[in-house]
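# Observations on the model geometry
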Amino acid sequence: MIESAHAAGGTDQPAAMPLEATLPEPVTREELCTRATLRRVAAMLDLDPAPLEAAGQLPRGWHFVLMGADTPRSALRSDGFPGLGVPMPALGLPRLMLGGRQVVFHADIPVGVPVERRSVLRSVRPKTTAAGPMAVVTLDHALHVGPAEAPALVETQTFLLLPATPAGPASAVATAAPASAAAGAVIDAAHRKTLVPDETLLFQYSALGFNSHRIHLDRQHAQQVEGFADLVVNGGLSTLLLTEFLRCELGVRPSRITVRHVAPLLCNRVMTLTADAADGRWLLKAWDDQPRVAVEMEVDVR
């Protein structure tokens, strides 16, 4: 369903003019993680905020609150996605899915200190696949604390722009699983945790990140327009739940995470998080209720 840029395959198609020549300018914004924001994320995760406020640093993985866009409502894509601070192209491809992300943590981000976010739409690569046209979009975001020139954090995101699906619920989007995520697999892992993301969790995460993508908030749109069986769990939320599993249950502090989304996770369905240590790193997965692998994460630690 949701593949990485490499896995998507297909043939790169030349544009009428080099797309890089038409890419928007980088966007710079000053952000601030306040104590109030820290408490709200903690509330969403059912955590006591007092130890986090005392530490005075944003837990690794919570930086999504500094990535919110300020795209005017009149400039949103038809699916409601705001573009994470950088205008996203349409290219006649109305559906947008997160393919993956990599986050490199160079330093921790203090609470209450101004942060400069530098965001850039790095590339747009049209492709032709067996399923039709698509495009792979890559964005970079760097967070700089105060006047520091070196970033505290760099996140690279890969999105897939896709054609419209057939109208109606239970389309191939909602039911098909990639070969790498076969249903009925046996979950065998050293560490595991189960939870059920509900509408409230999806709403709170979307609100904290100012993400208005309709597949997370509008059940009719998710089912009738995009063909999912229910609301879709935010890709960033599944990443946050995995990094919180590392932090709270395993005491692991990541220096780099690499995430690949291979299938959708749906609202009100059991999600299983697993973790295994291997060769000095951690390998995590989020499984849906079939069960099949929906998210894969590799974690480097110092």
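Relevant structure appears above.
Now for a quick tour of the structure. Residues take numbers from 1 onward in each chain, read along the sequence in its written order. Thresholds applied to this predicted model are a pLDDT of at least 70 for local features of residues and 80 or more for the giving and counting of side-chain atom pairs; totals over whole chains, interfaces and linings are not thresholded and use all residues. The side-chain values count all of the structure's non-hydrogen atoms but skip hydrogen atoms and water molecules.

## Regarding the environment of Lys285
Using the following cut-off: Strands here mean DSSP runs of E at least two residues long; helices mean DSSP runs of H or I at least four residues long; both are numbered from the N terminus. The criterion used for residue contact is that any of the two residues' heavy atoms lie within 4.5 Å.
Mapped onto the elements, Lys285 comes out in strand β10 (residues 281-287). Taking the C-alpha atoms as reference, Lys285 lies 9.4 Å from Val259; in sequence the two are 26 residues apart. For Lys285, the residues in contact, after removing those within four places along its chain, are Leu242, Thr272, Leu273, Thr274, Val293 and Val295.

## A closer look at the side chain of Asp230
Position of Asp230 among the secondary structure elements: in the loop between α6 (219-225) and α7 (235-250). Residues within four places of Asp230 in sequence aside, it is in contact with Arg219, Ala222, Gln223, Leu266, Cys267 and Asn268.

## Things to note about α7
Since the α-helix turns once every 3.6 residues, residues separated by three or four places project in the same direction. Put simply, the rule is: To estimate the expected span of a helix, count its residues, drop one, and scale the result by 1.5 Å. Think of it in three bands: with a 1.4 Å probe and only protein chains considered, a residue is buried below 20% of the maximum accessible area for its type, exposed above 50%, and partly exposed in between.
Under the 1.5 Å per step criterion, the end-to-end length of α7 is 22 Å for 16 residues, consistent within 8% with the ideal 22 Å. Within the span of α7, buried status applies to Gly235, Gly236, Leu237, Ser238, Thr239, Leu240, Leu241, Leu242, Thr243, Glu244, Phe245 and Leu246. Where α7 ends, the next residue or the one after it, Gly251, has phi of about 65°, a positive value.

## Remarks on the packing of aromatic side chains
Under the convention used in this document: Pairing of aromatic rings covers Phe, Tyr and Trp, the last through its six-membered ring, and needs centres within 6.5 Å; plane angles under 30 degrees mean stacked, over 60 mean edge-to-face, and all others mean tilted.
Applying the stated criterion across every chain yields a total of 2 aromatic pairs. Taking the centre distance of 5.4 Å and the plane angle of 50° together, the rings of Phe81 and Phe159 count as tilted. Of the two residues, Phe81 sits in the loop between α3 (50-55) and β3 (95-105) while Phe159 sits in strand β6 (residues 153-162), which places them 78 residues apart along the sequence. Residue class for Phe81 comes out buried when judged on its relative accessible area of 5%.

## Section: empty space enclosed by the protein
This is how the line gets drawn: The way it works is a 1 Å grid over only the protein atoms, where trapped points that fit a 1.4 Å probe form a cavity and open points with protein on both sides within 12 Å along at least five of seven lines form a pocket, and then any residue with an atom within 4 Å of a point lines it. Grid points are joined across faces, edges and corners, and a volume is the space filled by probe spheres set on the points. Charged residues are taken to be Asp, Glu, Lys and Arg, nonpolar residues to be Ala, Val, Leu, Ile, Met, Phe, Trp, Tyr, Cys and Pro, and polar residues to be all remaining types, Gly included.
Going through the model one piece at a time under the given rule, you end up with 2 cavities of 30 Å³ or more. Forming the walls of the largest cavity are 35 residues, and the residues nearest its centre are Leu98, Arg101, Asn234, Gly235 and Gly236. Within the residue set of the lining of the largest cavity, elements represented by two or more residues are β3, β6, α7 and β8 (254-261). Tallied by class, the residues present in the lining of the largest cavity amount to 20 nonpolar, 13 polar and 2 charged. Quantified by volume, the second largest cavity comes out at close to 60 Å³. As for the second largest cavity, its lining consists of Leu58, Pro59, Arg60, Gly61, His63, Phe105, Ala107, Asp108, Ile109 and Leu153. For the lining of the second largest cavity, the per-class residue count stands at 6 nonpolar, 2 polar and 2 charged.

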